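The residues making up each chain are set out below.
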Amino acid sequence: RAESNPGEEAKTFTIRFMDGSFELDIDAFASDTIGELIQRVCTKVGIRQTDFLHLAHSVNENSVLGAVDRFLDRHKTIEQEGINPKCNLVFKFKHYKRHRRWADTVAQEWFFRQIHQNVVREYYPASERLAVELASYEIQSVFGDYSGKKRH
């Protein structure tokens, strides 16, 4: 990490994860880039492939849409993006296409958690039939294939 400007004070930013299950406090200077902030979050949670993940400033506009995410430019500084510790920052995927060169199982887990929450919150419309099918896959991933035997 580059040295801070003389007299610059580190501030603590709370980063909420895409599915709402986890928050992380990260210290940063106003002169740090958004990319450096993303890298610190990834390091703390064990994500190696960082180029798929982004920080968004979630802004509640008191509209029908509710909160709207403004994705931050990873090349700009925290100061340039106008971010302060009171901002609602969300760590998430910006694009939903599964990447072919993924070798990071931790990143994959967060990817699927974000998609799951978007289906549950009805951001992605799904018929009842499709929702039941997706739920069955989730149950299968947790408990394994159906065998007819009772589990205790």
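Quantities reported herein were computed from a predicted structural model and do not represent experimental measurements. (Residues numbered from 1 in each chain as written. Predicted model: local features only at pLDDT ≥ 70, side-chain atom pairs only at ≥ 80, totals over all residues. Heavy atoms only, no water.)

*Asks:* Before we move on, could you go through the sheet that holds strand β5 (residues 89-93) and cite the residues and values that matter?
*Replies:* Spatially, the 5 strands line up as an open sheet ordered β2-β1-β5-β3-β4, and their pairing is mixed. Each of the sheet's edge strands pairs with one partner strand only, and the pair in question is β2 (23-28) and β4 (67-71). With direction set aside, neighbouring strand axes in the sheet form an average angle of 40°. Relative to the sheet, helix α1 (residues 34-45) contacts β1 (11-17), β2, β3 (53-60) and β5, its axis offset from that of β2 by approximately 135°. (Pairing = 2+ DSSP bridges. Helix = DSSP H or I, 4+ residues; strand = E, 2+ residues; numbered from the N terminus. Axes fitted to C-alpha atoms, helices over the stretch in contact; angles between N-to-C directions. Contact = heavy atoms within 4.5 Å.)

*Asks:* Break down the packing of aromatic side chains for me, citing the residues and quoting the values.
*Replies:* Overall, the coordinates contain 2 aromatic pairs when judged by the stated rule. Here Phe17 and Phe22 contribute two aromatic rings whose centre-to-centre distance is 4.9 Å and whose plane-to-plane angle is 75°, an arrangement assigned as edge-to-face. Residue Phe17 is classed as buried on the basis of its relative accessible area of 0%. A connected cluster of aromatic rings, assembled from ring pairs, spans Phe17, Phe22 and Phe91. (Phe/Tyr/Trp six-rings, centres within 6.5 Å; stacked < 30°, edge-to-face > 60°. Buried < 20%, exposed > 50% of the residue type's maximum accessible area, 1.4 Å probe, protein only.)

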